[in-house]
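Reading the structure
Chain by chain, the residues run as shown.
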Amino acid sequence: MYGMLLESVQYFVQKEYGEEIWKKALVLAECKHTVFNTHQVYPDFIMSNIASALATLTSKSYDSFMNFFGHCFVRFFSNYGYDATIKATGRNFTDFLESVDNIHSQFRLSYPKMKSPSMYLTKVDRHGCILVYRSKRQGFTHYLMGQLDQIATEIYNLKLECQVLSTETGEVDGKTIVIVTLRLNFDNTHYVLAKQVKEEAHLKTISKLPPFNCDLLLVLFPFAILFDPAMNIVAIGEKLTQVAEGGDKILGQPVSKFFRLRRPKGITFTWKNCFYLKSVMFEMEVLRNELVNRHRDNKELLVEKAENLKDSIEIDGKNISPYATIRRDSQPGQKNILLKGQMQYLADVIGIIFLCCPVVNDMGELPEQGLYLNDMNPHGLAKEMVLAGWQNNSKLELMFDKAEQRASELETNLSLLEEWKQRGDDLLYSMIPKPVAEKLRAGNNPLSTCQSFDTVSVMFCELVGFNSSTVEDAMELVSTMNAVFSCFDSLMDTFNVYKVETVGQIYMAVCGAPEATPLHAQNVCDASLCMTRHVKQLQIPSGTKVDVRIGVHSGPVVAGVVGIKVPRYCFFGDTVNTASRMQSTSSPGMVHISHSTKMMLPKEKYIIRNRGVVKLKGKGDVETYWIFENDLTDCMD
């Protein structure tokens, strides 16, 4: 579906339910698009998913939201002036219903990829009508009902009630379609009275005129086709007889053998559809290959002559394959002809006549179809349109090509924009915590991100066991640090610990900020113990044995975004300094914790041993502890 339909949904959902509900609906519907382009084509399921998401977020049903979306579309396209097309179709609501397929045909110039449904009326009375709706889309019945209700109310000032009489599925050209029969109740008195007056006036007129021969229609419409209820050809126009090189061989044959229905799309070529869709424009393609199929013996004779010729023959100085002389597409005047017109029921002969005219864009197409200007209908503007078409058609095609190219480029750019936006978010969240980044995006001052935390747990980890006295050693060090720190990064998310930074061979992480949690000490210790285990299991390409020494301390800190270029979310305070001292006085393969951290840990989960008194710079003699995994404690891999 085109973006205009989704634009209408977005506009009115935001207007009537609020921006917050719309954003939640997009997330719940797993829709990656935040804006919709009017002329871009989107999958049909997006609207259905949004309706389901809104039904989940509110107390309303899916069907009620699809009905609401139908109302939204009519209200929205009125802003573009498309309501003028509806008003121009007829004086009454029923006139519009009979012309819906024609309106869709008109809009195909602006929306060439439009997959419009087909509709026709089977019964009309003073109290409304019965509408048959056929579409390849599933679940859009209430969307149609919302559109009809809004059009009846807003444009025709009518109160409309819709009732679904039946729903079934069928198959057209190998594709499944849904067929819904609706009873539309509204005041249809004006249409019925106008029709009665028209019929009475018509009867008075024809009563004074003698009947005329049906052949006159075939002269006035030289490409007309008359067929009976069995869908067999009864007669054809005089020009179509010339194209068929004599009409005797196609009379009495099924009309579908020589003609293929092009439009309306989504319907089968049956008597019932032709009868009820008499107000709709039809397009039928003349199957030239069947219509002018020559006698089999003549064809075999041509093939035999071609086989007796040389590999190629010379015509006008050009070498041409002998088979080209018998191929249909190599001969002028063999291209299929497209006929466009209306179906009319003739009660006198119990048949339907297709009153039509060839569709010719410019004079260049005439010889391809084996036609001439004097073949066009003697009435109407067919000849004038052909003469004008050769001037305007090329410009129109160029405009369409450019529009298609721009739409394709825009679609590609939107996909790239979404991809790079995601990359930018990932990069931003790797430097700044997501809650803090969202505050900055909202336009808050960087100083507003500065806040104090009563208690957090800070961990410092240092790689030990190697040095970099040469260039080769330095390269090996970088490779080793990348392998080890990448492993640590994956563990941080597992234990809900925030990685602050790496400085040289030291890795710093915090839990309890910016998202507060009472389990900050436990999370940091679990991550630290897992780090000591994983670093021993890592397979370093150089074979270097690496170990870590870790220090943990808990206490108050102040945190905020610092810097303009490559900004970082940094932590300050005595707690950070003490945690650093705990790391520097630790031992390889050990996790060194302070007394304040020990008091926040559950006793049964860990094995904690008193290390004794350790002298910390700036703190003096402090009692510290070693922490080990209990046998019941699992390290998450």
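Treat the numbers as computed from the prediction; the structure is a model and nothing was measured. (Residues numbered from 1 in each chain as written. Predicted model: local features only at pLDDT ≥ 70, side-chain atom pairs only at ≥ 80, totals over all residues. Heavy atoms only, no water.)

Moving on to the overall build of the chain. In terms of regular secondary structure, the chain is built from 22 helices and 20 strands. For the chain, the proportion of its 637 residues judged to be buried stands at 43%. Put simply, 64% of the contacts in the chain that link residues at least 6 apart link residues at least 24 apart. Accessible surface for the chain amounts to roughly 34900 Å². Of this, 53% is attributable to carbon and sulfur atoms. (Helix = DSSP H or I, 4+ residues; strand = E, 2+ residues; numbered from the N terminus. Buried < 20%, exposed > 50% of the residue type's maximum accessible area, 1.4 Å probe, protein only. Contact = heavy atoms within 4.5 Å. Areas by Shrake-Rupley, 256 points an atom, 1.4 Å probe, with all protein chains shown as cover.)

Let us now look at the sheet that holds strand 11 (residues 337-346). Read from one edge of the open sheet, six strands run 6-5-12-11-8-7, paired in antiparallel fashion. Of all strands in the sheet, those with a lone pairing partner are strand 6 (233-236) and strand 7 (259-263), marking the two edges. Taken over all neighbouring pairs, the strand axes of this sheet differ in orientation by 30° on average, direction set aside. Relative to strand 6, strand 5 (residues 225-227) is paired through three bridges, and the arrangement is antiparallel. Opposite Leu226, over in strand 6, you have Ala235 as the bridge partner. (Pairing = 2+ DSSP bridges. Axes fitted to C-alpha atoms, helices over the stretch in contact; angles between N-to-C directions.)

Once that is clear, we can look at the sheet that holds strand 4 (residues 175-185). Across the sheet, which stays open at both edges, the four strands sit in the order 1-2-4-3 with antiparallel pairing between neighbours. Each edge of the sheet is formed by a strand with only one pairing partner; in this case those strands are strand 1 (118-125) and strand 3 (161-172). Neighbour-to-neighbour, the strand axes of the sheet open up by a mean angle of 15°, direction not taken into account. Where strand 1 and strand 2 (residues 128-135) come together, seven bridges link them in antiparallel fashion. Residue pairing for strand 2: Val124 is matched across the bridge by Cys129. Sitting on the sheet, helix 8 (residues 141-154) is in contact with strand 1, strand 2, strand 3 and strand 4, with an inclination near 40° to strand 4.

The next thing to look at is the pattern of salt bridges. Applying the stated criterion across every chain yields a total of eleven salt bridges. Its salt-bridge partner being Asp526, residue Lys605 comes within 3.1 Å of it at the nearest N-O pair. One end of the pair, Lys605, is in the loop between helix 22 (595-598) and strand 19 (606-616); the other, Asp526, is in helix 20 (residues 520-537), with 79 residues separating them in the sequence. Linked by salt bridges that have partners in common, Arg260, Arg262 and Glu285 make up one network. (Salt bridge = Lys/Arg side-chain N within 4 Å of Asp/Glu carboxyl O.)

Take the nonpolar core next. Among the nonpolar cores identified, the biggest contains 60 residues, and Met47, Ile50, Phe69, Phe93, Phe96 and Leu184 are the most heavily contacted of them. The greatest single-element share of this core, amounting to nine residues, is contributed by helix 4 (residues 62-77). Excluding residues within four positions of it along the chain, Leu184 makes contact with Leu97, His127, Gly128, Cys129, Leu131, Leu148, Leu160, Glu161 and Cys162. Core analysis: the second largest hydrophobic core is formed by 37 residues, Met231, Ile267, Val286 and Ile352 among them. (Core = buried A, V, L, I, M, F, W, Y, C linked by side-chain atoms within 4.5 Å.)

The next subject is the packing of aromatic side chains. Each pair of aromatic rings is reported with the distance of its centres and the angle of its planes. One pass over the full model with this rule turns up 24 aromatic pairs. Centroid distance Tyr17 to Phe68: 6.0 Å. Interplanar angle 80°. Geometry classified as edge-to-face. One end of the pair, Tyr17, is in helix 1 (residues 3-17); the other, Phe68, is in helix 4, and 51 residues separate them in sequence. According to the relative accessible area criterion, Phe68 is buried, its value standing at 15%. Ring centres of Phe140 and Tyr143 lie 5.8 Å apart, and the angle between their planes is 75°; on these two criteria the pair is classed as edge-to-face. By the ring-pair criterion, three or more aromatic residues cluster together here, those being Tyr120, Phe227, Phe269, Trp271, Phe275, Tyr276 and Tyr345. Its end group placed over the ring of Tyr625, Lys598 keeps NZ or CZ at 5.3 Å from the ring centre. A cation over a ring is seen here: Arg609 above Phe628, with NZ or CZ 5.0 Å from the ring centre. (Phe/Tyr/Trp six-rings, centres within 6.5 Å; stacked < 30°, edge-to-face > 60°. Lys NZ or Arg CZ within 6 Å of the ring centre and 35° of its normal.)

Right, let's talk about the confidence of the model for the chain for a bit. Across the chain, the average pLDDT comes to 80, with 81% of residues at 70 or higher. In this model residues 320-332 is a low-confidence stretch, pLDDT under 50, and it forms 23 contacts with partners more than four residues away in sequence or in other chains. Predicted confidence for residues 632-637 stays below pLDDT 50, and this span has eleven contacts to residues more than four positions away or in other chains. (pLDDT = per-residue confidence, 0-100.)

Let us now look at the packing of helix 3 (residues 45-57) against helix 4. Two elements in contact, helix 3 and helix 4, have axes separated by 8 Å at closest approach and are oriented at 125°. Put simply, helix 3 runs oblique to helix 4. The handedness of the crossing between helix 3 and helix 4 comes out as right-handed. Along the contact surface, helix 3 presents Met47, Ser48, Ile50, Ala51, Ser52, Leu54 and Ala55, while helix 4 presents Tyr62, Phe65, Met66 and Phe69. (Parallel < 35°, antiparallel > 145°, perpendicular 65-115°, else oblique. Left-handed = near helix turned anticlockwise from the far one by under 90°.)

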